[in-house]
Amino acid sequence: MADIIRLLPDHVANQIAAGEVVQRPASVVKELLENSVDAGADRIVLVLKDAGRTLVQVTDNGKGMSPGDARLCFERHATSKIRVADDLNAVRTKGFRGEALASIAAIAQVELKTREHDQDLGTRVLIEGSRTRGQDPMAGPPGTTIAVRSLFYNVPARRQFLKSDGVELKHVLDEFHRVALAHPDIAFQLLHNDQEEFNLPAGSGPALRQRIVGLFGRKYDERLVPVEESTDFVRVTGFVGKPEFAKRSRGEQYFFVNHRFIRSNYLEHAVRKAYDELVARDNYPSWFLYLDIDPAQIDINIHPTKTEIKFRDDRAVYAIVHAAVRRALGRFNIVPSLDFEPEPAILAGLDQSPRPIQAWRPQDLGAFTAPPRPSAEGWQQLFQMGMATPVDEPVVPAEQPRVVPSRNHEVEPGERPVFQLHGTYILAQLRSGYMVVDQHRAHERILYERNLKLLAQGAGISQTELFPRHVELNAADLALVQDVLPELRSMGFDLELFGGRTVQVNGMPAEAADEDPAKLLEQLLEQLKHEKGSLRNERHHVLARGMATSMAIRAGRTLSPAEMHDLIDRLFACEMPYHTPGGKPTLITYGLDELNERFER
Ligand code: ADP
Ligand code: MG
């Protein structure tokens, strides 16, 4: 029998290989943009027709290619980025496999125009289905333009698999976002069907914030909290979204490692964990996080499209990312809601005492000074300042009649005005406005943190019942109670298994002394059932949260001024005063300017 094995002609082999690299227009966009970044461009223009299926064209002002390279770049494994296998350990460029252009040229009509900066003439290469159709010298600007036309023109089966223009465009934009976010220092422009979709200047100063706003809209400006954490081994920077802007749908969640977009369930977990009890479980916060790490510490070569990487020491990376986000969130927690911008006059009036709260203005990306955590005392100071401050700074334009809101005349120094609204909210004055505290939620936060501490220490105070009470439980609930008995005791439940299915309640947590023990237990067990199989640590959270929800004072309960003060003081002594453990706001602040505006001052 005659030999039947044959080597495939190059263009067929390339076409097969292309399947791995080029699935859709978005893949072409990614590869071309990354090549331009690698070429050192600081301005990149992407032009699309019909979501890229008719045309993907990328123009850059990067270093360009020599005539020889312009021909060679379409060969498989042609790359200028690594030379020997060892270089793989130090890759800092996007590409290095030398496959992209060869693959693209196998399944499209490609025109390359390129000129090196120190050359008078450039080169133009036409290639189609891996066959070179021509190469000529050409006059043109320095840098490179690659136009990819009629994608999959010679692979009808692939062409048919493309989705609607809307879907393909979405994929293209995903890639565009990633590259644009990874390189805020590069200007990007995107035109689709002759319409400008994006024009992003090269950032200076707070480049990343600008870039995020440029891509996702003005509204993002107020949503971002800066992250900055450095160790010898990795640096984590970027932004995370404020918890209250977490969305039902998976929003903008980006990790970049050495300016390369990556996916990582592991790191995602680290971030989500940092949002624990700040956002509801089914809501997704956004993040834009950048890790800088020695390339020797990572292995990027495990996935063909390179969006997954392996860290040599992934536990350390996890811990640092988690801590960085947690700290950023804690830091933000103080200021934006209280919106306190110290004025020099006030600071002077304070007799050099430390500022209770430092202003953090979202616009300074550079300044990562962490404001101190609020404390009950700091909070009092804030109040007092509100009353003691002479209002010499006009809150209204000078020409208009100045109606200065009365701040102090009916208030004795040292007394802090508070007011209860509808038995539900506490109204309190701030220096720059006022705040409305939800009494139930505030109490919930206080109790939650208290419970967590008690659980950690294992010693709660219970108020002994005059007459022990008995609670009848079903078998399943009884088993659950037995299971968490030590925890219940540390939170202040003095329980005894009475025999049968009866639990004897000798004492209740001091704060819940008025509650009906049966009801409280029942509510708690209900919450626990939803969290079966939880880790021990998570069980603490569930218990602390369940108890807090059940015990917190309800709406409708009238509070005395002293009780209101006490509640507010304790709220601000909390670690995370601004949200319930479930992620709902505990208080809302209003600026005087809002009032002035509504009164048309
Ligand atoms: P890789 O990026 O993995 O090296 P590619 O097939 O994407 O492989 O590109 C092959 C080579 O062509 C690159 O290594 C680079 O030398 C050159 N090249 C590609 N695009 C550009 C560009 N926009 N400017 C300058 N050189 C480029
Ligand atoms: Mg490349």
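Keep in mind that what you see is a predicted model, and the values were worked out from it rather than measured.

Colleague: Please set out the overall build of the protein residue by residue, giving values where relevant.
Modeller: A tally of helices and strands in the protein yields 17 helices and 22 strands. When the 601 residues of the protein are sorted by exposure, 49% land in the buried category. A sequence separation of at least 24 residues applies to 69% of the contacts in the protein between residues at least 6 apart. Per element, the accessible surface of the protein, about 29,400 Å² overall, is 51% carbon and sulfur.

Colleague: Explain the sheet that holds strand S5 (residues 131–138) to me, and be specific about the residues and the numbers.
Modeller: Strands sit in the order S5-S4-S3-S6-S2-S1-S7-S8 across an open sheet of eight strands; the sheet is mixed. Pairing within the sheet leaves two strands with one partner each, and these edge strands are S5 and strand S8 (195–200). Averaged over neighbouring strand pairs, the angle between their axes works out to 10° when direction is ignored. Relative to strand S7 (residues 187–192), strand S1 (residues 43–49) runs parallel, the two being bridged by six bridges. Within S7, the residue paired with Leu46 across the bridge is Leu190.

Colleague: Can you explain unusual backbone geometry? Please cite residues and give values.
Modeller: For Ser130, which is not glycine, the phi torsion reads 70° and is therefore positive. Structurally, the position occupied by Ser130 is in the loop between strand S4 (122–128) and S5. Judged by its relative accessible area of 21%, Ser130 is partly exposed. You will see that Phe152, though not glycine, has its phi angle at about 60°, which is positive. You can see Phe152 is positioned in the loop between strand S6 (143–149) and helix H5 (156–161).

Colleague: Break down the sheet that holds strand S12 (residues 260–262) for me, citing the residues and quoting the values.
Modeller: With mixed pairing, the five strands of this open sheet are ordered in space as S9-S10-S13-S11-S12. The open sheet terminates on both sides in strands that have one partner only, identified here as strand S9 (224–230) and S12. Shown here is a sheet whose adjacent strand axes are inclined to one another by a mean of 20°, direction ignored. Bridge analysis of S9 against strand S10 (residues 234–241) gives seven bridges, and the strand direction is antiparallel. By the bridge assignment for S10, Val225 is matched with Val240. Here helix H6 (residues 165–182) sits on the sheet and contacts strand S11 (253–257), S12 and strand S13 (287–293); the angle it forms with S11, its principal contact strand, is near 50°.

Colleague: Describe a nonpolar patch on the surface, naming the residues involved and giving the relevant values.
Modeller: Together, Met1, Ile4 and Ile5 make up an exposed nonpolar region whose accessible area comes to about 490 Å². Residue Ile5 is classed as exposed on the basis of its relative accessible area of 80%.

Colleague: Could you give an account of the packing of aromatic side chains, with specific residues and numbers?
Modeller: One pass over the full model with this rule turns up 14 aromatic pairs. Here Phe216 and Phe288 contribute two aromatic rings whose centre-to-centre distance is 5.9 Å and whose plane-to-plane angle is 45°, an arrangement assigned as tilted. Here Phe216, found in helix H7 (residues 207–216), pairs with Phe288, found in strand S13; they are 72 residues apart in sequence, far enough to count as distant. Overall, the relative accessible area of 0% leaves Phe288 in the buried class. Here the aromatic rings of Tyr266 and Tyr318 are separated by 5.0 Å at their centres, their planes lie at 50°, and the arrangement is tilted. One end of the pair, Tyr266, is in helix H8 (residues 265–274); the other, Tyr318, is in helix H9 (residues 314–338), and 52 residues separate them in sequence. When its relative accessible area of 34% is taken as the criterion, Tyr266 is described as partly exposed. In this structure an aromatic cluster arises from ring pairing among Phe216, Tyr220, Tyr254, Phe256, Phe261, Phe288 and Tyr290. The ring centre of Tyr220 lies 5.2 Å from the NZ or CZ of Arg223, which sits over that ring.

Colleague: Pulling in residues and values, what's your account of the site of ligand 1?
Modeller: If you check the shell around ligand 1, you find 19 residues, and the closest are Asn35, Thr79, Ser80, Lys81 and Gly98. Here an oxygen atom of ligand 1 and a backbone polar atom of Leu101 are 2.9 Å apart. Note that a nitrogen atom of ligand 1 is positioned 3.3 Å from one of the side-chain N or O atoms of Thr144. Surface burial for ligand 1 is 93%, taken as the share of its 530 Å² of free accessible area covered by protein chains. Considering only residue class, the shell around ligand 1 consists of seven nonpolar, eight polar and four charged.

Colleague: Break down the packing of helix H12 (residues 439–457) against helix H16 (residues 561–572) for me, citing the residues and quoting the values.
Modeller: In the contact formed by H12 and H16, the axes pass within 9 Å of each other and the chain directions differ by 45°. It follows from the interaxial angle that H12 and H16 lie oblique. Seen along the crossing, H12 lies across H16 with a hand that is left-handed. Here Gln439, Ala442, His443, Arg445 and Ile446 of H12 come into contact with H16, specifically with Leu567, Arg570 and Leu571.

Colleague: Would you mind going over the pairing of strand S17 (residues 425–430) in detail, with residue names and values included?
Modeller: The alternating pattern of S17 places Ile426, Ala428 and Leu430 on a buried face, while none of Tyr425, Leu427 and Gln429, on the opposite face, is buried. A loop of three residues connects strand S16 (residues 418–421) with S17, the two strands running antiparallel in sequence, and His422 in this loop sits at a positive phi of about 50°. Across six bridges, the pairing between S17 and strand S18 (residues 433–438) is antiparallel. Note on S18: the bridge partner recorded for Gln429 is Tyr434. In textbook terms, the turn of a hairpin is the stretch between consecutive antiparallel strands, and for S17 and S18 this stretch comprises two residues.

Colleague: Give a detailed account of the packing of H6 against H7, specifying residues and quantitative values.
Modeller: Interhelical geometry of H6 versus H7 gives an angle of 160° and a closest axis separation of 9 Å. Overall, the two elements H6 and H7 adopt an arrangement that is roughly antiparallel. The chirality of how H6 crosses H7 is right-handed. Note on element contacts: H7 touches H6 through Leu208, Arg211, Ile212, Leu215 and Phe216, opposite Phe176, His177, Ala180 and Leu181. Taken together, the residues of the contact of H6 with H7 sort by class into seven nonpolar, one polar and one charged.

Colleague: Can you lay out the side chain of Lys242 for me, pointing to particular residues and giving the numbers?
Modeller: With respect to the secondary-structure elements, Lys242 resides in the loop between S10 and S11. We note that Lys242 is buried and unpaired, the nearest opposite charge coming from Glu222 at a distance of 5.5 Å. Looking at Lys242, its side chain comes within polar contact range of the main-chain oxygen of Glu222, at 2.7 Å.

Parameters and conventions
- Residues numbered from 1 in each chain as written.
- Chains lettered and ligands numbered in written order.
- Predicted model: local features only at pLDDT ≥ 70, side-chain atom pairs only at ≥ 80, totals over all residues.
- Heavy atoms only, no water.
- Helix = DSSP H or I, 4+ residues; strand = E, 2+ residues; numbered from the N terminus.
- Buried < 20%, exposed > 50% of the residue type's maximum accessible area, 1.4 Å probe, protein only.
- Contact = heavy atoms within 4.5 Å.
- Areas by Shrake-Rupley, 256 points an atom, 1.4 Å probe, with all protein chains shown as cover.
- Pairing = 2+ DSSP bridges.
- Axes fitted to C-alpha atoms, helices over the stretch in contact; angles between N-to-C directions.
- Patch = residues over 30% accessible without salt bridge, like charges linked within 9 Å, V, L, I, M, F, W, Y side chains within 5 Å.
- Salt bridge = Lys/Arg side-chain N within 4 Å of Asp/Glu carboxyl O.
- Phe/Tyr/Trp six-rings, centres within 6.5 Å; stacked < 30°, edge-to-face > 60°.
- Lys NZ or Arg CZ within 6 Å of the ring centre and 35° of its normal.
- Near = heavy atom within 4 Å.
- Polar contact = N/O pair within 3.5 Å; in protein donor to acceptor, adjacent residues only side chain to side chain.
- Nonpolar A, V, L, I, M, F, W, Y, C, P; charged D, E, K, R; others polar.
- Parallel < 35°, antiparallel > 145°, perpendicular 65-115°, else oblique.
- Left-handed = near helix turned anticlockwise from the far one by under 90°.
- Lys, Arg positive; Asp, Glu negative; His and termini not counted.

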